[in-house]
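Secondary and tertiary structure notes
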Amino acid sequence: MDFEAIKKCSPLHPKPAGLALQYGTAGFRTKAERLDHVMFRMGFLAVLRSKATAATIGVMVTASHNPEEDNGVKLIDPHGEMLHPLWEEYATQLANAEEQELQKVMTEICQKEAVDLHKDSLVFIGRDTRPSSKKLSQSVIDGIFILGGQYHDYGLVTTPQLHYMVCCQNTQGQYGKATLEGYYQKLAKAFVELIKQANSPSSGDSQRHLKIDCANGIGALKLMEMERYFPKEVLIHLYNDGTKEKLNHLCGADYVKVHQKPPRGLDMKPNERCCSLDGDADRIVYYYKDTTDHFHLIDGDKIATLISIFLKELLVKVEQTLKMAVVQTAYANGSSTRYLEETMKVPVHCVKTGVKHLHHKAQEFDVGVYFEANGHGTVLFSKAAETKIRQVAKEEKDDEIREAAKMLENMIDLINQTIGDAISDMLVIEAILALKGFTVQQWDAIYTDLPNRLLKVQVADRQVIGTTDAERRVVAPPGLQEKIDALVKKYKSSRAFVRPSGTEDIVRIYAEADTQENADALAHEVSLAVYHLAGGVGTPPQPL
Ligand SMILES: CC(=O)N[C@H]1[C@@H](OP(=O)(O)O)O[C@H](CO)[C@@H](O)[C@@H]1O
Ligand SMILES: [Mg+2]
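Residues numbered from 1 in each chain as written. Chains lettered and ligands numbered in written order. Predicted model: local features only at pLDDT ≥ 70, side-chain atom pairs only at ≥ 80, totals over all residues. Heavy atoms only, no water.

This paragraph deals with the packing of helix α14 (residues 399-414) against helix α15 (residues 422-436). It is the contact of α14 with α15, at a shortest axis distance of 10 Å, that shows an interaxial angle of 155°. Comparing their axes, α15 and α14 come out roughly antiparallel. Listed contacts from α15 to Met-407, Met-411 and Leu-414 of α14 are Ser-424, Leu-427, Val-428, Ile-432 and Leu-435. (Axes fitted to C-alpha atoms, helices over the stretch in contact; angles between N-to-C directions. Helix = DSSP H or I, 4+ residues; strand = E, 2+ residues; numbered from the N terminus. Parallel < 35°, antiparallel > 145°, perpendicular 65-115°, else oblique. Contact = heavy atoms within 4.5 Å.)

In structure tokens, the structure reads:
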């Protein structure tokens, strides 16, 4: 390592004095102007990780659903998965090291991980459409350059597209071609093959219209590029395409999910199928309004349920003993968990918030469906499951069984198995609706969501909240869990929990109950308890 060069260049990317950041639920995230040094240093870390794994590593510059002024960065590991937890710690140490400590921290990482500095390294870089992203990704490149690493800059891409590229590269093309063209072709081919199998005239409209709120982000650009690969049966209409308004402002998947209302800038007629992506296009939620103007949200839980119903039917047909399970977080609506477990008889597992936890758990099954309620999720097929399915699709004599296996095969190719991907998930959903001849209303009617409310509370130090049991109970501060238990007892079919956010400087409160009024009241009372027992700052939370 050329420490002289590092010493010379590092002051060009100075760390604001006293600033300490943490590699959180989805990498570093804060105001863009505080991130230059982090980007530069993540360039270093990506090179070291690449050398340590002898594989290509990804660096994505994005702050997803955060306001336009924020930015962030996350590293992508060799198979397209999130960065290894140990390296998250190194990332935090490196980002927070004062100038004079940099050499020591880097040397320590190299020693602990036995990094051979003579090895080659390659880093793939991508960024979202934020005004600050271009400059920040240049700082990542500066860091890579100083360590003598190779890089390829994909420029503007969605987060899942960069995950896909990394996986393609490290599987020597087995997963696909590591180009945008390769991504579009792979998905479009699987999608076209799938909907070809929807041959009955009852399979929904012959032309399927879908209105898409692109959150004024990267999703709009990439859908425009991809549109020419779509078959004529699919007609997408893009809104909030970033030409007029600000990223994520009053629109996008997070806004729609949290506020349970339609985004601004999308004109929605009764019963029209609509969806929203988030700022880096790794999340999607669907919705419609009925003839009485009532808004119906179809969130990640209902997406997971639709996909599970479809996959389970096919798995039964191909008569394989493949084990399917669904992975959720504590935010999953209670009705979805009940439907999956009791009606569908599918095992459901609850893990901590953050895709890395869901992904990890889903890897334990032949077919692991995972979704966060906010619409971030995908399906993982084990190697053994994939091999079996492809074999049945090729060799089976029985037409019905072979066709079912072929559908599964196309699903495997259509789903981005590296990470939740709004574009891929959208095509999966559109294909399933077409194949099952389902309208958006029929999909929505699978089960009825329990009314729920998500709130935030500002506290002096959110780390005073300690959680257990997949974040469903708190162990600190003292008395808080007892208070929550007492409040929950006051309402029917209710549940509530709190946890410190990993992406924002706040504590999140979630409550569910038999009516919206009760869910709102419970959420409010719990937020007051957090405010009083966990060091709330500013004015106490007000009722909704
Ligand atoms: C309640 C909620 O939606 N939390 C989100 C949010 O994490 P927090 O740690 O809650 O801030 O951002 C994460 C990254 O996008 C996402 O994985 C997660 O589900
Ligand atoms: Mg996102």
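What follows deals with the UniProt feature "binding site: Mg(2+)" (unreviewed entry) in the protein chain. Annotation from UniProt places "binding site: Mg(2+)" (unreviewed entry) at Ser-64, Asp-278, Asp-280 and Asp-282. Separation in sequence by 219 residues is not matched in space for these annotated residues, since their most distant C-alpha atoms are only 8.1 Å apart. A residue is classified by how much of its surface remains accessible, and Ser-64, at 3% relative accessible area, is buried. Ser-64 has contacts with Arg-29, Asp-128, Arg-130, Asn-248, Asp-278, Gly-279, Asp-280 and Asp-282, leaving out every residue within four places of it along the chain. Considering the arrangement of structural elements, one finds Asp-282 in the loop between β8 (274-277) and β9 (284-289). Judged by its relative accessible area of 3%, Asp-282 falls in the buried class. Residues within four places of Asp-282 in sequence aside, it is in contact with Ser-64, Lys-74, Thr-159, Pro-160, Gly-375, His-376, Gly-420, Asp-421 and Ala-422. (UniProt positions renumbered as here; feature names shortened; annotations may be inferred. Buried < 20%, exposed > 50% of the residue type's maximum accessible area, 1.4 Å probe, protein only.)

This brings us to empty space enclosed by the protein. Applying the stated criterion to the full structure yields one cavity of 30 Å³ or more. What lines the largest cavity is Tyr-23, Gly-24, Thr-25, Ala-26, Gly-27, Lys-74, Leu-75, Met-82, Leu-83, Glu-88 and Lys-356. (1 Å grid on protein atoms, 1.4 Å probe; cavity = no way out; pocket = protein on both sides within 12 Å on 5 of 7 lines; lining within 4 Å. Points joined across faces, edges and corners; volume = space filled by probe spheres on them.)

Right, let's talk about the pairing of strand β11 (residues 324-329) for a bit. Most of β11 is tucked away: six of the six residues are buried. Across four bridges, β11 lies against strand β13 (residues 367-371) in parallel orientation. Of the residues in β13, the one forming a bridge with Val-326 is Val-369. By the bridge criterion, four bridges tie β11 to strand β12 (residues 348-351) in an arrangement that is parallel. The residue bridging Val-326 from the neighbouring strand is Val-348, located in β12. (Pairing = 2+ DSSP bridges.)

To continue, consider unusual backbone geometry. Omega for the peptide link from Ala-476 to Pro-477 comes to -5°, which places this bond in the cis form. Tracing the sequence through the fold places Pro-477 in the loop between β17 (473-476) and α17 (480-489). Of note, the phi angle at Asn-248 is positive, near 65°, even though the residue is not glycine. Here Asn-248 shows up in the loop between β7 (234-239) and α9 (253-259). Given the relative accessible area of 12%, Asn-248 is considered buried.

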